[in-house]
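# Topology and contacts: notes
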Amino acid sequence: MKKNIQAEPTLSQEAAGQMLNNVFEACDFEPNRVPIEVLQSYSHYRRERNILQKAIIVLVVLLFLMLPVLFITANVDISWVEGTPPGSPIVQVLAKSVIPVESVVATMGDYTLEVYQVSEGIYQIHPNANGTLLVTVTLANKQFTEHTVEVLGVDVDPPVLMGSALANGELEIFFHDEVSTINFETIYAVDSKGKVVYPLRHDEGAVSVTFAYPEDYLNIFVSDNCGNTLQLVLTTH
């Protein structure tokens, strides 16, 4: 037959129980009927509960203090890069924030332009047209800042044919570009057989290029330093 074995109360528990009974008797209360072990376990429960409540309060306070961080936006400064070639302005974007920058987007109308990061917090944009440029800087907290800037001075016109002169079997062609300069190194032509033909020489002072006079046909391509290209068709018939 099995017997229930109960642990003998320790001396401290007996002393605590006797002391509690003495207090009840001195106060003329009924004797305590709750075992001291139960009272001790309830005391531990209250202590753990208080610790949990304090932890929750601290967490709520921290969340409250961090709440403004969710609404921080970037401090954005937009300027023009100095010393760029004529007709090729560059927009520089300086974004300052304690929150990391997630993206910088540049648009002109329905077109999205390339944005180049040159260093920490510094970005550059190369507009390819004149008009209103919209720059949107978005932080990691999803807050964004929008700035607009009017872009002027982008060269979108190709070189202009001014005239030509034929001498000694060579054709010298003269051009003019209002904003930028002719990129003589990129000038070439294609003859009637599909062969690429390069100029004999060029004259930057006269803004001219000289080809050997073709037998029947030349398709000439002349670009400026902004990438605008003039196409000429030369026939000898």
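Above this note sits the structure.
These lines cover the structure that appears in this document, whether it is placed above or below.

What counts, and at which threshold
Residues numbered from 1 in each chain as written. Predicted model: local features only at pLDDT ≥ 70, side-chain atom pairs only at ≥ 80, totals over all residues. Heavy atoms only, no water. 1 Å grid on protein atoms, 1.4 Å probe; cavity = no way out; pocket = protein on both sides within 12 Å on 5 of 7 lines; lining within 4 Å. Points joined across faces, edges and corners; volume = space filled by probe spheres on them. Nonpolar A, V, L, I, M, F, W, Y, C, P; charged D, E, K, R; others polar. Helix = DSSP H or I, 4+ residues; strand = E, 2+ residues; numbered from the N terminus. Buried < 20%, exposed > 50% of the residue type's maximum accessible area, 1.4 Å probe, protein only. Contact = heavy atoms within 4.5 Å. Pairing = 2+ DSSP bridges. Axes fitted to C-alpha atoms, helices over the stretch in contact; angles between N-to-C directions. Core = buried A, V, L, I, M, F, W, Y, C linked by side-chain atoms within 4.5 Å.

### What to know about the layout of surface pockets
Empty space within the largest pocket amounts to approximately 180 Å³. Considering the residues around the largest pocket, the lining is formed by Asp191, Ser192, Lys193, Val197, Ala212, Tyr213, Pro214, Glu215, Asp216, Tyr217 and Leu218. Its residues assigned to classes, the lining of the largest pocket shows six nonpolar, one polar and four charged.

### Overview of the side chain of Thr136
Structurally, Thr136 can be placed in strand 7 (residues 131-139). Taking the relative accessible area as the measure of exposure, Thr136 reaches 15% and is therefore buried. Non-local contacts of Thr136, meaning those with residues more than four positions away in its chain, are made with Ser103, Val104, Val105, Phe144, Thr145 and Glu146.

### Describing the sheet that holds strand 1 (residues 75-80)
Strand order in the open sheet formed by four strands is 1-2-6-5, with antiparallel pairing between adjacent strands. Strands at the two margins of the open sheet, each flanked by one partner only, are strand 1 and strand 5 (115-119). Taken pair by pair, the neighbouring strands of this sheet meet at an average axis angle of 25 degrees, ignoring direction. Looking at chain direction, strand 2 (residues 91-96) and strand 6 (residues 122-125) are connected through four bridges and run antiparallel. Looking at the pairing, Gln92 lines up with Gln124 of strand 6.

### Concerning the nonpolar core
Counting 19 residues, the largest nonpolar core has Val93, Leu113, Ile125, Leu133, Val135 and Val137 as the members making the most contacts within it. Of all the elements in the fold, those that place two or more residues in this core are strand 2, strand 3 (101-108), strand 6, strand 7 and strand 8 (144-151). If one sorts the elements of this core by residue count, strand 7 sits on top with four residues. Ignoring any residue separated from it by four or fewer positions in sequence, one finds Leu133 in contact with Val91, Ala106, Thr107, Met108, Leu113, Ile125, His147, Thr148, Val149 and Val151.

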